[in-house]
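Each chain, written out:
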Amino acid sequence: MWKSVQPAPPDSILGLTEEFKKDQNPQKVNLGVGVYKDDAGNTPVLRCVKAAEKLLLETQSSKSYLPISGDPAYAAAVQRLIFGAKSDVLSSRRAVTIHAPGGTGALRVGADLIHKFNGDAKVWVSSPTWANHNGIFGAAGFQISRYGYYDATTKGLDFNRMIEDLEKVPAGDVVVLHACCHNPSGVDLDGPQWQQIAEVAVGKGWLPFLDFAYQGFGDGVDEDRIAVEQFAAAGVDFFVASSFSKNFGLYNERTGAITVVTPAKNDAEVAMSHLKTVVRTNYSNPPAHGGFVATMILDTPDLRTMWLEELSSMRDRIVDMRRSLVAGLVAQGVDGDFSFIEKQRGMFSFSGWSDDVVVSLRKNNNIYIVGGGRINLAGLTTSNIDYVVQSVAAAMK
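Residues numbered from 1 in each chain as written. Predicted model: local features only at pLDDT ≥ 70, side-chain atom pairs only at ≥ 80, totals over all residues. Heavy atoms only, no water.

Before going further, it helps to examine the overall build of the chain. Counting secondary structure elements, the chain contains 15 helices and 13 strands. Over its C-alpha atoms the chain spans a radius of gyration of 21 Å, differing by no more than 12% from the 21 Å that the globule rule assigns to 397 residues. For the C-alpha atoms alone, the extent of the chain along its principal axes is close to 60 × 55 × 55 Å. Taken over 397 residues, the chain has a buried fraction of 54%. For the chain, long-range pairs separated by at least 24 residues make up 75% of all intrachain contacts whose partners lie at least 6 apart in sequence. Surface exposure of the chain reaches about 17,600 Å², of which carbon and sulfur atoms provide 51%. Positive and negative charge centroids in the chain, built from 38 and 43 side chains respectively, lie 5 Å apart. (Helix = DSSP H or I, 4+ residues; strand = E, 2+ residues; numbered from the N terminus. Rg over C-alpha atoms; globule rule 2.2 N^0.38 Å. Buried < 20%, exposed > 50% of the residue type's maximum accessible area, 1.4 Å probe, protein only. Contact = heavy atoms within 4.5 Å. Areas by Shrake-Rupley, 256 points an atom, 1.4 Å probe, with all protein chains shown as cover. Lys, Arg positive; Asp, Glu negative; His and termini not counted. Charge placed at Lys NZ, Arg CZ, Asp CG, Glu CD.)

A few words on the packing of aromatic side chains. By the definition in use, this model includes 13 aromatic pairs. Here F137 and F209 contribute two aromatic rings whose centre-to-centre distance is 5.5 Å and whose plane-to-plane angle is 90°, an arrangement assigned as edge-to-face. With F137 in helix α6 (residues 131-139) and F209 in strand β8 (residues 207-212), this residue pair connects regions lying 72 residues apart in the sequence. Taking the relative accessible area as the measure of exposure, F137 reaches 1% and is therefore buried. Note on F209 and F239: the rings are 5.3 Å apart at their centroids and 35° apart in plane angle, and the pair reads as tilted. (Phe/Tyr/Trp six-rings, centres within 6.5 Å; stacked < 30°, edge-to-face > 60°.)

Attention shifts here to the pairing of strand β9 (residues 238-243). The element β9 is extensively covered by neighbouring structure, given that six of its six residues are classed as buried. Because side chains alternate across β9, one face comprises the buried residues F238, V240 and S242, and the other comprises F239, A241 and S243, equally buried. Pairing between β8 and β9: four bridges, direction parallel. In the sheet register, F209 faces β9, and the bridge partner there is F239. Crossover connection from β8 via helix α9 (residues 226-234) to parallel β9: handedness right-handed. (Pairing = 2+ DSSP bridges. Right-handed = clockwise from strand over helix to strand, strands pointing away.)

So, about α6. Inspection of α6 places H133, I136 and F137 among the buried residues, and these make up the whole buried set. Relative to the axis of α6, the buried residues are bounded by an arc of 85° and lie together on one face. Where α6 is buried, its residues touch α5 (102-117), β3 (122-127), β4 (143-148), β7 (174-178) and β8. One or two positions beyond α6, positive phi appears at G141, with a value near 105°. (Arc of directions from axis to C-beta.)

To continue, consider helix α11 (residues 289-299). Burial analysis of α11 places eight of its 11 residues in the buried class, which makes it a mostly covered element. The complete set of buried residues in α11 reads G290, G291, V293, A294, T295, M296, I297 and L298. Looking at the packing, one finds that the buried side of α11 touches α2 (47-59), α3 (72-83), β2 (95-101), β10 (255-261) and α12 (301-331).

Here the largest pocket is characterised by a volume of approximately 1,100 Å³. Considering every element that reaches the lining of the largest pocket, the biggest residue donor is helix α1 (residues 14-22), with five residues. Taken as a whole, the second largest pocket holds about 400 Å³ of empty space. A per-class count over the lining of the second largest pocket returns 12 nonpolar, five polar and two charged. (1 Å grid on protein atoms, 1.4 Å probe; cavity = no way out; pocket = protein on both sides within 12 Å on 5 of 7 lines; lining within 4 Å. Points joined across faces, edges and corners; volume = space filled by probe spheres on them. Nonpolar A, V, L, I, M, F, W, Y, C, P; charged D, E, K, R; others polar.)

A cis amide bond links S127 with the next residue in sequence, P128, at an omega value of 5°. Tracing the sequence through the fold places P128 in the loop between β3 and α6. Unlike most non-glycine residues, C181 shows phi in positive territory, near 55°. Looking at the secondary structure, you find C181 in the loop between β7 and α8 (191-204). Owing to a relative accessible area of 2%, C181 belongs among the buried residues under this scheme. One non-glycine residue with positive phi stands out, namely N366, at about 60°.

Further remarks concern the environment of A294. Along the chain, the position of A294 falls in helix α11. Placed 192 residues apart in sequence, A294 and G102 show a C-alpha to C-alpha distance of 13 Å.

Structure representation (C-alpha coordinates):
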(Lines give C-alpha, C1' and ligand atoms only; values in the text may rest on other atoms or scores of the structure.)
Protein backbone atom coordinates (compact mmCIF):
# COMPACT_ATOMS: atom_id res chain seq x y z
CA MET A 1 0.00 0.00 0.00
CA TRP A 2 3.02 2.32 0.35
CA LYS A 3 4.64 1.93 -3.08
CA SER A 4 3.06 5.08 -4.52
CA VAL A 5 3.20 7.11 -1.28
CA GLN A 6 5.95 9.68 -0.80
CA PRO A 7 7.70 9.77 2.62
CA ALA A 8 6.50 12.48 4.97
CA PRO A 9 9.04 15.25 5.66
CA PRO A 10 10.86 14.93 8.99
CA ASP A 11 9.83 17.15 11.90
CA SER A 12 12.00 20.26 11.76
CA ILE A 13 13.06 19.99 15.41
CA LEU A 14 12.99 16.27 16.16
CA GLY A 15 14.57 15.57 12.77
CA LEU A 16 17.40 17.89 13.75
CA THR A 17 17.90 15.87 16.93
CA GLU A 18 18.15 12.64 14.95
CA GLU A 19 20.85 14.24 12.82
CA PHE A 20 22.61 15.40 15.97
CA LYS A 21 22.60 11.90 17.45
CA LYS A 22 24.29 10.50 14.34
CA ASP A 23 27.04 13.13 14.51
CA GLN A 24 30.30 11.56 15.76
CA ASN A 25 32.08 14.86 16.54
CA PRO A 26 32.73 15.07 20.31
CA GLN A 27 32.36 18.87 20.19
CA LYS A 28 28.83 18.75 18.78
CA VAL A 29 26.24 20.99 20.47
CA ASN A 30 22.45 20.72 20.20
CA LEU A 31 20.72 24.10 20.60
CA GLY A 32 17.59 22.95 18.80
CA VAL A 33 15.28 20.64 20.73
CA GLY A 34 13.26 22.19 23.56
CA VAL A 35 14.48 20.02 26.41
CA TYR A 36 16.16 21.26 29.58
CA LYS A 37 19.81 20.26 30.05
CA ASP A 38 21.94 20.68 33.15
CA ASP A 39 25.51 21.95 33.06
CA ALA A 40 26.75 18.45 32.29
CA GLY A 41 24.54 18.36 29.19
CA ASN A 42 22.08 15.85 30.66
CA THR A 43 18.31 16.01 31.09
CA PRO A 44 18.16 15.11 34.79
CA VAL A 45 15.56 13.28 36.83
CA LEU A 46 14.74 15.78 39.59
CA ARG A 47 15.46 14.76 43.17
CA CYS A 48 11.84 15.45 44.11
CA VAL A 49 10.69 13.12 41.32
CA LYS A 50 12.97 10.32 42.53
CA ALA A 51 11.69 10.79 46.08
CA ALA A 52 8.06 10.69 44.93
CA GLU A 53 8.69 7.61 42.79
CA LYS A 54 10.24 5.85 45.77
CA LEU A 55 7.11 6.52 47.81
CA LEU A 56 4.93 5.33 44.95
CA LEU A 57 6.91 2.11 44.64
CA GLU A 58 6.30 1.42 48.31
CA THR A 59 2.61 2.36 48.42
CA GLN A 60 1.05 1.76 45.01
CA SER A 61 -1.23 -1.27 45.07
CA SER A 62 -2.79 -1.37 41.59
CA LYS A 63 -2.11 -0.65 37.93
CA SER A 64 -5.80 -0.51 37.03
CA TYR A 65 -7.17 1.98 34.50
CA LEU A 66 -7.64 5.56 35.57
CA PRO A 67 -10.99 7.26 34.90
CA ILE A 68 -11.36 8.81 31.44
CA SER A 69 -10.52 12.22 32.87
CA GLY A 70 -7.64 10.93 34.98
CA ASP A 71 -7.08 10.98 38.74
CA PRO A 72 -9.30 13.65 40.42
CA ALA A 73 -6.47 14.48 42.84
CA TYR A 74 -4.25 15.28 39.86
CA ALA A 75 -6.86 17.60 38.38
CA ALA A 76 -7.20 19.41 41.71
CA ALA A 77 -3.42 19.79 42.03
CA VAL A 78 -3.16 21.15 38.48
CA GLN A 79 -5.86 23.73 39.15
CA ARG A 80 -4.21 24.93 42.36
CA LEU A 81 -0.93 25.33 40.48
CA ILE A 82 -2.18 27.18 37.41
CA PHE A 83 -4.77 29.39 39.15
CA GLY A 84 -3.46 29.68 42.71
CA ALA A 85 -5.02 27.99 45.73
CA LYS A 86 -7.18 31.02 46.61
CA SER A 87 -8.50 31.65 43.09
CA ASP A 88 -12.20 32.29 42.59
CA VAL A 89 -12.04 29.78 39.74
CA LEU A 90 -11.50 27.01 42.28
CA SER A 91 -14.02 28.15 44.89
CA SER A 92 -16.74 28.68 42.27
CA ARG A 93 -15.90 25.33 40.62
CA ARG A 94 -16.20 26.88 37.18
CA ALA A 95 -13.23 25.00 35.74
CA VAL A 96 -12.74 21.34 34.84
CA THR A 97 -9.41 19.63 34.23
CA ILE A 98 -8.44 16.32 32.71
CA HIS A 99 -5.07 14.57 32.59
CA ALA A 100 -3.92 14.64 28.97
CA PRO A 101 -0.85 12.92 27.46
CA GLY A 102 1.52 15.87 27.60
CA GLY A 103 1.00 19.46 26.55
CA THR A 104 0.61 18.34 22.94
CA GLY A 105 -2.17 15.95 23.89
CA ALA A 106 -3.83 18.70 25.91
CA LEU A 107 -3.81 21.04 22.92
CA ARG A 108 -5.25 18.36 20.66
CA VAL A 109 -8.02 17.36 23.07
CA GLY A 110 -8.97 21.01 23.45
CA ALA A 111 -8.87 21.52 19.70
CA ASP A 112 -11.09 18.47 19.08
CA LEU A 113 -13.58 19.66 21.70
CA ILE A 114 -13.86 23.12 20.14
CA HIS A 115 -14.13 21.72 16.62
CA LYS A 116 -16.96 19.46 17.73
CA PHE A 117 -19.18 22.51 18.33
CA ASN A 118 -17.54 25.27 16.30
CA GLY A 119 -15.88 23.65 13.30
CA ASP A 120 -16.17 26.78 11.17
CA ALA A 121 -13.99 28.83 13.50
CA LYS A 122 -10.49 29.91 12.58
CA VAL A 123 -7.57 29.42 14.94
CA TRP A 124 -5.20 32.38 15.28
CA VAL A 125 -1.59 31.82 16.33
CA SER A 126 1.20 34.30 16.97
CA SER A 127 3.73 35.13 14.29
CA PRO A 128 5.93 33.24 14.99
CA THR A 129 4.68 30.38 17.13
CA TRP A 130 5.69 26.86 18.13
CA ALA A 131 5.61 25.01 14.81
CA ASN A 132 3.44 22.18 16.13
CA HIS A 133 0.58 24.58 16.88
CA ASN A 134 -0.06 24.69 13.15
CA GLY A 135 0.04 20.91 12.90
CA ILE A 136 -2.16 20.23 15.91
CA PHE A 137 -4.96 22.65 15.09
CA GLY A 138 -4.71 21.95 11.38
CA ALA A 139 -5.07 18.21 11.99
CA ALA A 140 -8.11 18.93 14.15
CA GLY A 141 -9.73 20.50 11.08
CA PHE A 142 -9.14 24.21 11.63
CA GLN A 143 -7.97 26.87 9.20
CA ILE A 144 -4.98 28.71 10.70
CA SER A 145 -4.46 32.49 10.64
CA ARG A 146 -1.78 34.62 12.29
CA TYR A 147 -1.61 37.74 14.42
CA GLY A 148 1.41 40.00 14.81
CA TYR A 149 3.69 39.38 17.76
CA TYR A 150 7.47 39.58 17.24
CA ASP A 151 9.30 42.61 15.85
CA ALA A 152 12.46 41.40 14.13
CA THR A 153 13.86 44.95 14.03
CA THR A 154 13.64 45.65 17.77
CA LYS A 155 14.00 41.98 18.76
CA GLY A 156 11.01 42.54 21.02
CA LEU A 157 7.23 42.51 21.18
CA ASP A 158 5.22 44.32 18.53
CA PHE A 159 2.34 44.97 20.92
CA ASN A 160 0.58 47.60 18.82
CA ARG A 161 0.42 45.23 15.87
CA MET A 162 -0.75 42.43 18.16
CA ILE A 163 -3.62 44.54 19.52
CA GLU A 164 -4.59 45.75 16.06
CA ASP A 165 -4.76 42.18 14.76
CA LEU A 166 -6.65 40.79 17.75
CA GLU A 167 -9.19 43.60 17.48
CA LYS A 168 -10.05 42.19 14.04
CA VAL A 169 -10.52 38.55 15.12
CA PRO A 170 -14.19 37.60 14.64
CA ALA A 171 -16.33 36.47 17.54
CA GLY A 172 -16.19 32.72 18.02
CA ASP A 173 -12.71 32.30 16.56
CA VAL A 174 -9.93 30.82 18.71
CA VAL A 175 -6.77 32.72 19.67
CA VAL A 176 -3.80 30.66 20.88
CA LEU A 177 -1.67 32.61 23.36
CA HIS A 178 1.63 31.66 25.02
CA ALA A 179 1.03 32.25 28.73
CA CYS A 180 4.74 32.73 29.44
CA CYS A 181 8.18 31.96 27.96
CA HIS A 182 7.02 32.42 24.37
CA ASN A 183 8.27 29.67 22.09
CA PRO A 184 10.25 30.42 19.91
CA SER A 185 11.02 34.07 20.66
CA GLY A 186 11.38 34.24 24.45
CA VAL A 187 9.52 37.57 24.31
CA ASP A 188 6.62 37.88 26.79
CA LEU A 189 3.83 40.30 27.68
CA ASP A 190 3.72 42.11 31.02
CA GLY A 191 0.74 42.36 33.39
CA PRO A 192 -0.90 45.50 31.94
CA GLN A 193 -0.52 44.12 28.42
CA TRP A 194 -2.21 40.87 29.43
CA GLN A 195 -5.02 42.88 30.98
CA GLN A 196 -5.49 44.73 27.70
CA ILE A 197 -5.52 41.46 25.74
CA ALA A 198 -8.19 40.07 28.08
CA GLU A 199 -10.28 43.21 27.56
CA VAL A 200 -10.06 42.74 23.80
CA ALA A 201 -11.16 39.11 24.15
CA VAL A 202 -14.19 40.17 26.18
CA GLY A 203 -15.08 42.97 23.79
CA LYS A 204 -14.65 40.98 20.58
CA GLY A 205 -15.94 37.61 21.79
CA TRP A 206 -13.13 35.35 20.61
CA LEU A 207 -12.03 32.31 22.62
CA PRO A 208 -8.63 32.46 24.35
CA PHE A 209 -6.62 29.21 24.35
CA LEU A 210 -3.56 29.54 26.60
CA ASP A 211 -0.55 27.29 26.03
CA PHE A 212 1.04 27.14 29.50
CA ALA A 213 3.93 24.72 28.97
CA TYR A 214 6.65 26.58 30.91
CA GLN A 215 5.18 27.67 34.24
CA GLY A 216 8.07 28.49 36.56
CA PHE A 217 10.66 28.99 33.82
CA GLY A 218 9.93 32.71 33.47
CA ASP A 219 9.96 34.54 36.80
CA GLY A 220 8.49 31.90 39.09
CA VAL A 221 5.47 29.64 39.52
CA ASP A 222 3.23 32.36 40.96
CA GLU A 223 4.53 35.20 38.78
CA ASP A 224 4.12 33.24 35.54
CA ARG A 225 0.37 32.77 35.95
CA ILE A 226 -0.43 36.45 35.28
CA ALA A 227 -2.07 35.68 31.91
CA VAL A 228 -4.28 32.99 33.43
CA GLU A 229 -5.29 35.35 36.25
CA GLN A 230 -6.30 38.11 33.83
CA PHE A 231 -8.61 35.86 31.83
CA ALA A 232 -10.01 34.30 35.00
CA ALA A 233 -10.86 37.76 36.31
CA ALA A 234 -12.58 38.61 33.02
CA GLY A 235 -15.12 35.84 33.62
CA VAL A 236 -14.99 34.50 30.06
CA ASP A 237 -14.75 31.02 28.61
CA PHE A 238 -11.14 30.03 27.97
CA PHE A 239 -8.89 26.98 27.72
CA VAL A 240 -5.51 26.27 29.34
CA ALA A 241 -3.17 23.53 28.08
CA SER A 242 -0.49 22.87 30.69
CA SER A 243 2.41 20.48 30.98
CA PHE A 244 4.79 19.01 33.55
CA SER A 245 7.37 18.01 30.95
CA LYS A 246 9.59 21.03 31.49
CA ASN A 247 9.05 22.18 35.07
CA PHE A 248 9.08 18.63 36.50
CA GLY A 249 11.35 17.08 33.88
CA LEU A 250 8.65 14.47 33.18
CA TYR A 251 9.21 14.51 29.43
CA ASN A 252 8.70 10.82 28.68
CA GLU A 253 5.84 10.35 31.15
CA ARG A 254 3.55 12.55 28.99
CA THR A 255 2.04 14.43 31.91
CA GLY A 256 -0.14 17.30 30.81
CA ALA A 257 -3.62 18.69 31.36
CA ILE A 258 -6.36 20.52 29.53
CA THR A 259 -8.44 22.86 31.66
CA VAL A 260 -11.70 24.43 30.46
CA VAL A 261 -12.76 27.56 32.33
CA THR A 262 -16.35 28.74 32.10
CA PRO A 263 -18.44 31.57 33.58
CA ALA A 264 -20.43 29.17 35.81
CA LYS A 265 -20.25 25.76 37.48
CA ASN A 266 -23.07 24.27 35.37
CA ASP A 267 -21.21 25.21 32.17
CA ALA A 268 -18.09 23.50 33.46
CA GLU A 269 -20.01 20.29 34.10
CA VAL A 270 -21.31 20.29 30.53
CA ALA A 271 -17.77 20.88 29.23
CA MET A 272 -16.45 17.93 31.25
CA SER A 273 -19.08 15.59 29.82
CA HIS A 274 -17.92 16.37 26.31
CA LEU A 275 -14.24 16.29 27.19
CA LYS A 276 -14.79 12.69 28.25
CA THR A 277 -16.36 11.76 24.93
CA VAL A 278 -13.40 13.26 23.06
CA VAL A 279 -10.91 11.33 25.19
CA ARG A 280 -12.84 8.05 25.10
CA THR A 281 -12.59 7.80 21.32
CA ASN A 282 -8.96 8.92 21.24
CA TYR A 283 -6.82 7.31 23.97
CA SER A 284 -9.61 6.19 26.35
CA ASN A 285 -7.81 7.18 29.56
CA PRO A 286 -4.45 8.74 30.39
CA PRO A 287 -1.13 7.24 31.53
CA ALA A 288 -0.96 7.21 35.31
CA HIS A 289 2.62 7.33 36.57
CA GLY A 290 3.59 10.92 35.77
CA GLY A 291 0.32 12.23 37.15
CA PHE A 292 0.78 10.34 40.41
CA VAL A 293 4.32 11.71 40.72
CA ALA A 294 3.28 15.31 40.07
CA THR A 295 0.33 15.07 42.46
CA MET A 296 2.46 13.63 45.25
CA ILE A 297 5.05 16.40 44.86
CA LEU A 298 2.48 19.20 44.75
CA ASP A 299 0.50 17.82 47.70
CA THR A 300 3.47 16.96 49.96
CA PRO A 301 4.97 20.11 51.56
CA ASP A 302 8.56 18.82 51.78
CA LEU A 303 8.54 17.55 48.20
CA ARG A 304 6.93 20.75 46.92
CA THR A 305 9.64 22.82 48.61
CA MET A 306 12.31 20.60 47.06
CA TRP A 307 10.67 20.98 43.65
CA LEU A 308 10.51 24.77 43.86
CA GLU A 309 14.21 24.87 44.79
CA GLU A 310 15.15 22.64 41.86
CA LEU A 311 12.97 24.63 39.49
CA SER A 312 14.61 27.84 40.67
CA SER A 313 18.03 26.33 39.99
CA MET A 314 17.01 25.39 36.45
CA ARG A 315 15.65 28.87 35.82
CA ASP A 316 18.79 30.51 37.22
CA ARG A 317 21.06 28.34 35.08
CA ILE A 318 19.30 29.44 31.92
CA VAL A 319 19.60 33.10 32.97
CA ASP A 320 23.32 32.57 33.58
CA MET A 321 23.73 31.08 30.11
CA ARG A 322 21.93 34.07 28.59
CA ARG A 323 24.39 36.41 30.30
CA SER A 324 27.40 34.31 29.34
CA LEU A 325 26.32 34.18 25.70
CA VAL A 326 25.88 37.94 25.47
CA ALA A 327 29.15 38.62 27.28
CA GLY A 328 30.97 36.15 25.04
CA LEU A 329 29.64 37.69 21.83
CA VAL A 330 30.70 41.14 23.03
CA ALA A 331 34.16 39.86 23.99
CA GLN A 332 34.55 38.31 20.52
CA GLY A 333 33.71 41.65 18.91
CA VAL A 334 30.62 40.37 17.08
CA ASP A 335 28.75 43.27 15.47
CA GLY A 336 25.35 44.07 16.92
CA ASP A 337 23.57 44.60 20.22
CA PHE A 338 22.69 41.24 21.75
CA SER A 339 21.36 42.58 25.05
CA PHE A 340 17.85 41.50 23.98
CA ILE A 341 18.87 37.90 24.73
CA GLU A 342 19.16 38.77 28.42
CA LYS A 343 15.70 40.35 28.46
CA GLN A 344 13.93 37.28 27.10
CA ARG A 345 12.46 34.59 29.35
CA GLY A 346 12.40 30.84 29.34
CA MET A 347 14.54 28.38 27.43
CA PHE A 348 14.33 29.97 24.00
CA SER A 349 15.66 32.97 22.12
CA PHE A 350 15.41 34.31 18.63
CA SER A 351 19.14 34.83 18.27
CA GLY A 352 18.91 37.03 15.19
CA TRP A 353 21.35 34.71 13.40
CA SER A 354 20.53 34.29 9.73
CA ASP A 355 19.83 30.92 8.10
CA ASP A 356 23.25 31.21 6.42
CA VAL A 357 24.86 31.41 9.85
CA VAL A 358 22.72 28.50 11.10
CA VAL A 359 23.80 26.34 8.15
CA SER A 360 27.43 27.33 8.59
CA LEU A 361 27.40 26.46 12.29
CA ARG A 362 25.97 23.02 11.56
CA LYS A 363 28.26 22.29 8.64
CA ASN A 364 31.53 23.68 9.99
CA ASN A 365 31.14 23.52 13.78
CA ASN A 366 28.61 20.72 14.44
CA ILE A 367 26.34 23.16 16.27
CA TYR A 368 22.68 22.31 15.60
CA ILE A 369 20.14 25.16 15.51
CA VAL A 370 16.60 25.29 14.13
CA GLY A 371 16.13 27.28 10.93
CA GLY A 372 15.24 30.87 11.72
CA GLY A 373 17.86 31.07 14.45
CA ARG A 374 15.83 29.93 17.46
CA ILE A 375 18.18 28.59 20.12
CA ASN A 376 17.61 26.65 23.33
CA LEU A 377 19.73 28.35 25.98
CA ALA A 378 19.63 25.18 28.10
CA GLY A 379 21.82 23.53 25.47
CA LEU A 380 24.67 25.84 26.50
CA THR A 381 27.00 24.78 29.31
CA THR A 382 30.08 26.21 30.98
CA SER A 383 32.14 23.70 29.00
CA ASN A 384 30.75 24.52 25.54
CA ILE A 385 29.90 28.23 25.77
CA ASP A 386 33.35 29.41 24.62
CA TYR A 387 33.30 27.04 21.65
CA VAL A 388 29.81 28.21 20.64
CA VAL A 389 30.69 31.90 20.96
CA GLN A 390 33.90 31.50 18.95
CA SER A 391 32.05 29.53 16.27
CA VAL A 392 29.29 32.15 16.02
CA ALA A 393 31.87 34.94 15.76
CA ALA A 394 33.62 33.12 12.89
CA ALA A 395 30.35 32.39 11.09
CA MET A 396 29.19 36.01 11.29
CA LYS A 397 32.37 37.57 9.91
